[in-house]
Amino acid sequence: PHMFEMMSGMEEALAKKGYLLCVKSIAAEEACGFVEKIFDSKEADGVVLHASIISPAMDELVAAREIPHIVIGIPDFPSHFSWIDIDNRLGGHRLEGVLSVLNEHDVLIPGGHLRRGASDCDSGYAMTEERLSQKERPDAIICANNYIAYGCVMALKEHGEVIPEDIGVIAFDEYPLSRILKPMLTVVDIDVFDMGYQTGKCILSKIRKPNLTVRYY
């Protein structure tokens with residue numbers, strides 16, 4: 001749902017200026033050739049690229065050709081790219097954001113308390129069961145998404161734990177389960193529609209001024 005909402009935000013911003021949003025799914029190894037082709041043929045005025053498909057070769061291409069572009073996500077290598085991202089502290093990279101804020105308040109997660117698993121209900125259930133098998137009960141459990149949170153809640157209820165009185169549960173995103181779980185979960189919800197809208201405004205600025213550098217959260 002996130003990418004759909006983001007594209008909806010972009011489309012709204014672009015439509016206000018008479019531009020059309022076209023979407024293309026492409027592998028990273030094909031991205032440079034595709035971007036070069038659509039600009040040689042004048043099929044596009046600008047491109048929005050996901051960070052997962054960028055490369056040093058793409059960086060050289062957009063810089064040399066002055067191609068109006070925006071990357072969604074911060075490049076993980078030195079580059080000339082313009083980009084937009086969500087601040088880690090607001091949930092863009094969820095684990096890093098949580099650990100950063102806890103560290104600011106001198107709260108450390110004890111060894112063995114951090115769990116990594118699949119992003120589904122079964123994994124959430126299994127990880128919670130494993131955590132509850134330990135002698136010390138947590139004050140709260142933070143889940144990376146609604147599916148993990150659903151499994152977590154099911155496990156807590158089976159053990160007779162009352163939420164939030166006994167153990168609190170916090171999840172990211174309101175979609176798709178947080179509003180139907182009882183009790184309703186505390187969630188960190190990122191406005192990805194607005195992120196898409198701001199991305200659309202950024203690419204419009206780059207189309208007007210290709211040499212403009214845009215980098216912000």
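Structural notes, computed from the coordinates. (Residues numbered from 1 in each chain as written. Predicted model: local features only at pLDDT ≥ 70, side-chain atom pairs only at ≥ 80, totals over all residues. Heavy atoms only, no water.)

## Points about the overall build of the protein chain
Move 1: Helices and strands together make up the secondary structure of the protein chain, namely seven helices and seven strands.
Move 2: Walking the protein chain from its N terminus toward its C terminus, one meets helices and strands in the order α-α-β-α-β-β-α-α-β-α-β-β-α-β.
Move 3: Overall size of the protein chain, expressed as C-alpha extent along the three principal axes, is 65 × 35 × 30 Å.
Move 4: Across the 217 residues of the protein chain, 35% fall into the buried class. (Helix = DSSP H or I, 4+ residues; strand = E, 2+ residues; numbered from the N terminus. Buried < 20%, exposed > 50% of the residue type's maximum accessible area, 1.4 Å probe, protein only.)

## Remarks on the state of the cysteines
Move 1: Tallied over the full model, the rule gives zero disulfides.
Move 2: Here Cys121 stays unpaired: no disulfide links it, and the sulfur of Cys143, its closest cysteine neighbor, is 11 Å away.
Move 3: Given the relative accessible area of 25%, Cys121 is considered partly exposed. (Disulfide = S-S within 2.5 Å.)

## Comments concerning the sheet that holds strand 6 (residues 186-188)
Move 1: The strand order across the open sheet formed by three strands is 4-5-6, and the pairing between neighbours is parallel. Every other strand in the sheet has two partners, leaving strand 4 (140-143) and strand 6 as the edge strands with one partner each. Across this sheet, the average inter-strand angle for adjacent strands is 20 degrees, counted without regard to direction.
Move 2: Strand direction decides the pairing type here: strand 5 (residues 168-172) and strand 6, joined by three bridges, are parallel. The residue of strand 6 that forms the bridge with Ala171 is Val187. (Pairing = 2+ DSSP bridges. Axes fitted to C-alpha atoms, helices over the stretch in contact; angles between N-to-C directions.)

## Section: the sheet that holds strand 2 (residues 69-72)
Move 1: Taken together, the four strands give an open sheet; going across it, the order is 1-2-3-7, and neighbouring strands pair in parallel fashion. Every interior strand has two partners, whereas the edge strands, strand 1 (47-50) and strand 7 (215-216), have only one.
Move 2: Strand direction decides the pairing type here: strand 2 and strand 3 (residues 83-84), joined by two bridges, are parallel. Across the sheet, the residue bridging to Val71 is Trp83, located in strand 3.
Move 3: Taken strand by strand, helix 7 (residues 192-208) contacts strand 1, strand 2, strand 3 and strand 7, and its axis lies near 155 degrees from that of strand 2. (Contact = heavy atoms within 4.5 Å.)

Note that every value here comes from positions in space, so none of it alone points to a role or purpose.
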